[in-house]
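# Observations on the model geometry
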Amino acid sequence: MQNSVSIKDLSLSFGAVNVLENLNLDIGDGEFLVLLGSSGCGKSTLLNCIAGLLEPTGGQIFIKNRNVTWEEPKDRGIGMVFQSYALYPQMTVEKNLSFGLQVAKMPRPEIDKRIARATEILQIGPLLKRKPSELSGGQRQRVAIGRALVRDVDVFLFDEPLSNLDAKLRSELRVEIKRLHQSLRNTMIYVTHDQIEALTLADRIAIMKSGVIQQLADPNTIYNAPRNMFVAGFIGSPSMNFLRGEIAGRDGRPVFTTNGVDFALDGYDAAETLRPGRKVVLGVRPEHVSVNGEGAETHQATVDIEEPMGADNLLWLKHAGHTLSVRVGGARRFAPGTAVKLSFDMGLASLFDAETEERI
Amino acid sequence: MSDSVTLPAPAATARAGAEPWGAKPRRALSGRNIMLYGTLLVAALYYLLPLYVMIVTSLKGMPEIRLGNIFSPPLEITFEPWAKAWASACTGLNCDGLSRGFWNSVRITVPSTLISILVASVNGYALANWKFRGADIFFTILIVGAFIPYQVMIYPIVIVLREMGIYGTLTGLVIVHTIFGMPILTLLFRNYFSALPEELFKAARIDGAGFWQIYLRIMLPMSLPIFVVAMILQITGIWNDFLFGVVFTRPEVYPMTVQLNNIVNSVQGVKEYNVNMAATLLTGAVPLIVYFVSGRLFVRGIAAGAVKG
């Protein structure tokens, strides 16, 4: 796949603070890449560097194989959508869409043609004569997307575009953005702190922490084979259970043992040999534990708290001195204090080194 | 049979009863209100009294003033003091009243206000949005300028203006007013522009707009309140200025305030209190009108500009 955006050794520091350090990232043509991380991790900074709104202290940025490191934002072939919509308040929707094109001195018929196309794609025809203050949040964000659309660019940049919307609108617009990407096939770079948006929209997710990409992979890999404990804990809600313990040998086979309880590691695909005595952390997602089901190995646990969530039911269990969260179907109810049998799906579990917190 | 049917109590009865229902009733004439409005009333009267005395005195003839009842309304209303103050009161050699000073002040205030606001708004915009190397230091220096007493700078400025050949002219005074308005106005505009969402500026840059296009087409239309604030500050400040007027101009181009002083403080002849009052009211009329006309916008702009530093 041809690269649409390439970032080479990008660094950015504000005074003594290094926000980004030697960051490398290649984004394929037509790819939907999500930059995911908590606030302050540098994801928006990275996006602003790609847009040309921030000057990097070092490194290069290529868009469509052209070095744009020193180019003005308007010459980079990008369109950007902001969290606060950033619509020009004194202009009508139509003026908002045409502003950039007028600045570029584009002939009027061409401007009209582009506005008509964007209007049709986003279905904002009835809004054209209105001012932004007369629009709802969802409509405003649609217009903001339209403003990127009329620029007819190769790369779309989204800076937390849905964070100001309420939950219902957010899920609606999320689907719309996905549909937009499927029909346009543009490269899209999307910054968010919302893991659901990341998992649903992305072709690939780059999880960032303090300016460093922790893992860059497709959502499935990120979810099921997180590279370190940060990624594992960041993705998934409720978050992954972490059990601290160590590797022990039983009959020549490695097992995970914690507080005197053994977990067979059959089915776990370890990248390294599991040497007995090594301190490790076992990570198990709440939905990868079955309650009172069939399993080769079962563990005794008691229900501490039950949190019914409609579609499913979250149990907080006491097991071997740990508190475990386990997700079961919404119809299966357990009274507090009930004794249950657990079996763990080790094929989907993760094992991390206790020191480095890296996946083993 | 009929008593077995109990309807829920209508709202009206519940309201009349002792049970609390809906909004808590408030008495208009509570002790608290009397204290509050009483104090406000007394304070208002205290500040309005001098104005009242001035207006009343300016409408009396001199014989009536000599009776000494300064609070009594005029027995015979006369506008002659006003006419004299405007058209024929003497200051030094000129006996054409305050009208000369009024037009001088207009010729000083209008260009000074316009130029200083234009320059300061562009300054503020550049400082808020186009951060350049050393922008913060530049800004700090500018702000420090606001705290240096004017008196320190008067003599050097006199020399500078003399060397430029514009000492004693209106042009010189306009330049002085423009420069001295810079620190506070730049601060005002910078704070206002930094409070506008930064993403708007970014969006405009992605749309390809340059320095002036963003300023004229995005920032200006959003900044009416702060322009009104700056205009009020400048118009009243420059109109009321006495020090620069008396130092940097010559008698024939004295602004209204300086002329007023010369009328009121003339030592020869009888003190014409009615003319003095009328002259003072005339001089104060411009800032007063400006406040009345744009007070609401002023408060809005001050509130908006004061939020962020």
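Computed from a predicted structure; not experimentally measured. (Residues numbered from 1 in each chain as written. Chains lettered and ligands numbered in written order. Predicted model: local features only at pLDDT ≥ 70, side-chain atom pairs only at ≥ 80, totals over all residues. Heavy atoms only, no water.)

## Thoughts on the overall build of chain A
When its secondary structure is counted, chain A shows 8 helices and 20 strands. The buried share of chain A, taken over its 360 residues, is 51%. Taking the contacts inside chain A whose residues are at least 6 apart along the sequence as the reference set, 66% of them involve residues at least 24 apart. Accessible surface, chain A: about 15,900 Å² in total, of which carbon and sulfur atoms supply 48%. (Helix = DSSP H or I, 4+ residues; strand = E, 2+ residues; numbered from the N terminus. Buried < 20%, exposed > 50% of the residue type's maximum accessible area, 1.4 Å probe, protein only. Contact = heavy atoms within 4.5 Å. Areas by Shrake-Rupley, 256 points an atom, 1.4 Å probe, with all protein chains shown as cover.)

## Focus: the overall build of chain B
Across its full length, chain B carries 14 helices and 0 strands. When the helices and strands of chain B are listed from N to C terminus, the series reads α-α-α-α-α-α-α-α-α-α-α-α-α-α. Taken across its 309 residues, chain B has 41% of its residues classed as buried.

## Quick notes on the pairing of strand 10 (residues 212–217) of chain A
Residues and elements named next belong to chain A. Strand direction decides the pairing type here: strand 9 (residues 204–209) and strand 10, joined by 5 bridges, are antiparallel. Paired with isoleucine 205 across the strands is alanine 217, a residue of strand 10. Hairpin connection of strand 9 to strand 10: 2 residues between the antiparallel strands, including serine 210 at a positive phi of 35°. (Pairing = 2+ DSSP bridges.)

## Section: the layout of surface pockets
There is about 1,200 Å³ of room inside the largest pocket. Around the largest pocket, the lining is made up of 37 residues, and of these A:Leu53, A:Leu54, A:Glu55, B:Lys131 and B:Arg205 lie nearest the centre. Of all elements in the fold, only strand 1 (3–14) of chain A together with helix 5 (99–129), helix 6 (135–147), helix 8 (170–195) and helix 9 (198–206) of chain B reach the threshold of two or more residues within the lining of the largest pocket. It is helix 9 of chain B that contributes the most residues to the lining of the largest pocket, 4 residues altogether. Looking at the second largest pocket, it is lined by 21 residues, and the ones nearest its centre are B:Tyr150, B:Phe180, B:Gly181, B:Pro183 and B:Ile184. Contributions of two or more residues to the lining of the second largest pocket are made by helix 6, helix 7 (150–164), helix 8 and helix 11 (224–240) of chain B. The dominant element in the lining of the second largest pocket, judged by the number of residues it contributes, is helix 8 of chain B, at 8 residues. Taken together, the residues of the lining of the second largest pocket sort by class into 15 nonpolar, 5 polar and 1 charged. (1 Å grid on protein atoms, 1.4 Å probe; cavity = no way out; pocket = protein on both sides within 12 Å on 5 of 7 lines; lining within 4 Å. Points joined across faces, edges and corners; volume = space filled by probe spheres on them. Nonpolar A, V, L, I, M, F, W, Y, C, P; charged D, E, K, R; others polar.)

## Focus: the domain arrangement of chain A
All names here are of chain A. As far as domains go, chain A holds domain 1 (3–234) and domain 2 (241–353). Between domain 1 and domain 2, the C-alpha centre-to-centre distance is 39 Å. Summing both partners gives a buried area of about 750 Å² for domain 1 against domain 2, and 56% of it is carried by carbon and sulfur. The three residues of domain 1 that bury the most area against domain 2 are Tyr223, Asn224 and Met229, which together make up 70% of that side's buried surface. (Domains from an automatic or database assignment. Buried area = accessible area lost by both parts, 1.4 Å probe.)

## Comments concerning the confidence of the model for chain B
In regions of low pLDDT, the predicted coordinates are not meant to be interpreted in detail. Residues and elements named next belong to chain B. Mean pLDDT for chain B: 86, with 90% of residues reaching 70 or above. Mean pLDDT across the elements of chain B bottoms out in helix 1 (residues 11–16) (52) and peaks in helix 5 (94). Ignoring residues within four places in sequence, the model shows residues 305–309, a span with pLDDT below 50, making 8 contacts including any to other chains. (pLDDT = per-residue confidence, 0-100.)

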